Amino acid sequence: MAVAAYEQLRPTVVRAAPTHLEVADVSLTYESRRGRVPALDRLSFDVAQGAFVSVLGPSGCGKSTLLKLASGLLRPMAGRIRLAGEPVTAPRRDVGIVFQQPTLLPWKTVLENVLVPIRAMGRDASAGRERALELLRLVKLEPFAANYPHELSGGMQQRVGIARGLIHDPALLLMDEPFAALDAMTRETMMDELQRIWMSTGKSVLFITHSIPEAVYLSDRILVLSPRPGRLLHSVDVDLPRPRTIETMADPRFVALASRLRQAFVAMAEPA
Amino acid sequence: MTAGGMPRRLAARIAGPLAALGLTAAAWMALKWLGGFQDTVLPGPGQAVAALADGLTSGAYWPHIGSTLGAVAIGYAVGALIALGVAALLAVSATAERFLMVPIIAFQSIPKIALGPLLFIWVGYGMGASVTLVVLACFYPIFVNAFIALRGVDPNLIDLYRACGAGRLRILLAVRFPTAASQIMTGLEVAVVFALLAAVVMEFVSATSGLGFLIQNATTTLDTPTAFAAIILLALSGVLASSLVRGARRIVVFWETERRDTHMEGA
Ligand SMILES: Nc1ncnc2c1ncn2[C@@H]1O[C@H](COP(=O)(O)OP(=O)(O)OP(=O)(O)O)[C@@H](O)[C@H]1O
Ligand SMILES: [Mg+2]
């Protein structure tokens, strides 16, 4: 029964665009005094130039680890990661990251927080101010530009983190459950905004999420990881037309895909 | 906020210390009366305050106040700079930590006061020895608080900067120090007391002026009111210096103080 569901989830479309991010046979085990924790196990996939790829997987399966590997913050113990054809050996400036926690500096205003990547790169931040304000408008926080993070709600802080990830106009955007802390309404607006940004800029996106509808709504392709250590269980192409809207969620193909993914999750939770 | 909230809050802030002061004076007088102490053994608070007023108006105490506070200020500043520098070095470099941590802890376990007589031999009379002992006494509380806080920074914040290609020095200045500021201020606050203590002890041993010297000198001539006046001055200096550091904290880590204030208003 479960096996049949897996078969239906096999990839069907071969993409023509060149590879932007290449993850090949990547494994990583955390070593600490308390022991070894294998987090990822021989994971392989590609993100094509301009593609929107989501990663779905149970908690603790190594999704954030994957994001750190793709950004060059961690080095894989085995396998290789390439970005635009070059091996990733250290963090790169053409990558933007939205972290799972807002990770804001409490002593900087919202506007200054959005400018952090520019400053961290040692660039002149004054040139980025206009763009920062524009991004704050995008995440509906322009009136809070001069406020401090502790004056914002958790969801608002997370939106600052999203604006910050876009400030240096990265070609690849890595997002770690960026909408998890948002209320349902804001989440849907943000999904639409992200789709719009992505469609209008041609960025590649690697998007981590717990939410099946979110993944189906946004992605060209969905990667389903196994429980820890994360292995690739399924790679599912989503060829629903763009732009996707609230109506898309009622589309029978959307519903069918979401329910198949849910079944895959249920199958995963069952003991082998 | 209600009208007149500010004066009432100010009154509430002053009332506590005033009451404590009154109680101390009362206990002091009671002790003197119950114990039947002579004035040369234990003068009354009135005598001590009279000696204090006299010493201040005649100008006799000012050079002593000046040299003690001078030694404290210089030694504290130098000690803080060294401690923060060493803490920063150890926080970013595992190699430095491996080599320096054990010597620092060994040094910490020496009671710094015990070095006073040796410093007298090495540095001789005068302010130099006091400043040196103040530096030594301030070092550890500032160092250890700074080191722990600089190390304990949220790794996500560091990742944020690393992901943008920032190096260790930029991360130290832009992330570690601001994040650690609050706990660094705690270390600085604790060190104020150590600084005063060290200055006075060194003045007992080797000084020709200073409040410690004044106490030493006054007790040898059984002029206990003067000794008590000097002790009152030391207590006042301690309170003043601590409140300066606490005031600096409100400015330096404004985001934490604000957060706490909002909590209190909300409660
Ligand atoms: N620095 C670390 N040291 C040791 N183990 C770690 C470390 N970071 C993560 N792990 C372990 O590796 C596994 C994967 O962690 P990761 O954060 O990648 O999970 P995740 O899929 O992002 O989970 P979630 O969905 O809950 O965010 C977890 O079991 C975690 O306990
Ligand atoms: Mg995670």
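How each quantity is defined
- Residues numbered from 1 in each chain as written.
- Chains lettered and ligands numbered in written order.
- Predicted model: local features only at pLDDT ≥ 70, side-chain atom pairs only at ≥ 80, totals over all residues.
- Heavy atoms only, no water.
- Helix = DSSP H or I, 4+ residues; strand = E, 2+ residues; numbered from the N terminus.
- Buried < 20%, exposed > 50% of the residue type's maximum accessible area, 1.4 Å probe, protein only.
- Contact = heavy atoms within 4.5 Å.
- Buried area = accessible area lost by both parts, 1.4 Å probe.
- Polar contact = N/O pair within 3.5 Å; in protein donor to acceptor, adjacent residues only side chain to side chain.
- Nonpolar A, V, L, I, M, F, W, Y, C, P; charged D, E, K, R; others polar.
- Expected span 1.5 Å × (residues − 1).
- Domains from an automatic or database assignment.
- Donors = N, O, S within 2.8 Å, 3.2 Å for Na, K, Ca; no water.

J.: Even after reading the chapter, I still don't get unusual backbone geometry, so can you show me in this structure?
T.: Most peptide bonds are trans, and most residues other than glycine sit at a negative phi. All names here are of chain A. Across the junction of Arg 228 and Pro 229, the peptide omega takes the value -10 degrees, indicating a cis bond. Residue position: Pro 229 is located in the loop between strand E9 (221–225) and strand E10 (232–237). The omega angle of the peptide bond from Arg 242 to Pro 243 is -10 degrees, so this bond is cis rather than trans. Inspection of the secondary structure puts Pro 243 in the loop between E10 and helix H9 (252–269). The backbone of Ala 84 sits at a positive phi, close to 45 degrees, despite the residue not being glycine. By the element assignment, Ala 84 lies in the loop between strand E4 (78–83) and strand E5 (86–87). You can call Ala 84 partly exposed: its relative accessible area is 48%. Although it is not a glycine, Thr 103 adopts a positive phi angle of roughly 55 degrees.

J.: Where do I start with the interface of chain A and chain B in this structure?
T.: Often, the extent of an interface is quoted as the loss of accessible area on bringing the components together. Between chain A and chain B, the contact holds 24 residues from the first and 19 residues from the second. Together, the buried faces of chain A and chain B total about 1900 Å²; carbon and sulfur atoms form 67% of this surface. Our enumeration of links across chain A and chain B arrives at four residue pairs in polar contact (both at pLDDT 80 or more). With four residues, helix H4 (residues 116–120) of chain A is the largest single contributor of residues to the side of chain A that touches chain B. Grouping the constituent residues of the side of chain A that touches chain B by class yields 13 nonpolar, four polar and seven charged.

J.: Is there a simple way to think about H9(A) in this case?
T.: Because an α-helix packs 3.6 residues into every turn, residues spaced three or four apart end up facing the same way. All names here are of chain A. An ideal rise of 1.5 Å per residue puts 26 Å on 18 residues; H9 measures up with 26 Å between its terminal C-alpha atoms. The complete set of buried residues in H9 reads Phe 254, Leu 257, Ala 258, Leu 261, Ala 264, Ala 267 and Met 268. The opening residue of H9 is Asp 251, an N-cap whose side-chain oxygen sits 2.7 Å from the backbone nitrogen of Arg 253.

J.: Hey, could you run me through the domain arrangement of chain A in this one?
T.: Residue and element names in this part refer to chain A. Under the domain assignment used here, chain A contains domain 1 (2–7 + 17–94 + 172–269) and domain 2 (106–169). Taken over C-alpha atoms, the centre of domain 1 sits 25 Å from the centre of domain 2. Taken together, the contact between domain 1 and domain 2 spans 14 residues of the former and twelve residues of the latter. Buried surface at the junction of domain 1 and domain 2, summed over both partners, amounts to about 1100 Å²; 68% is from carbon and sulfur atoms.

J.: Is there a simple way to explain the coordination of the magnesium ion (ligand 2) in this structure?
T.: Expected angles at a metal are 109.5 degrees for tetrahedral coordination by four donors and either 90 or 180 degrees for octahedral coordination by six donors. All names here are of chain A. Those donors, Ser 64 (OG) and Gln 100 (OE1), are the protein atoms that reach the magnesium ion (ligand 2), and they lie 2.0 to 2.3 Å from it. Here Ser 64, found in helix H2 (residues 63–71), pairs with Gln 100, found in the loop between strand E6 (95–98) and helix H3 (110–114); they are 36 residues apart in sequence, far enough to count as distant. Look at Ser 64 and you get partly exposed, because its relative accessible area is 22%. Assessed through its relative accessible area of 33%, Gln 100 is described here as partly exposed.

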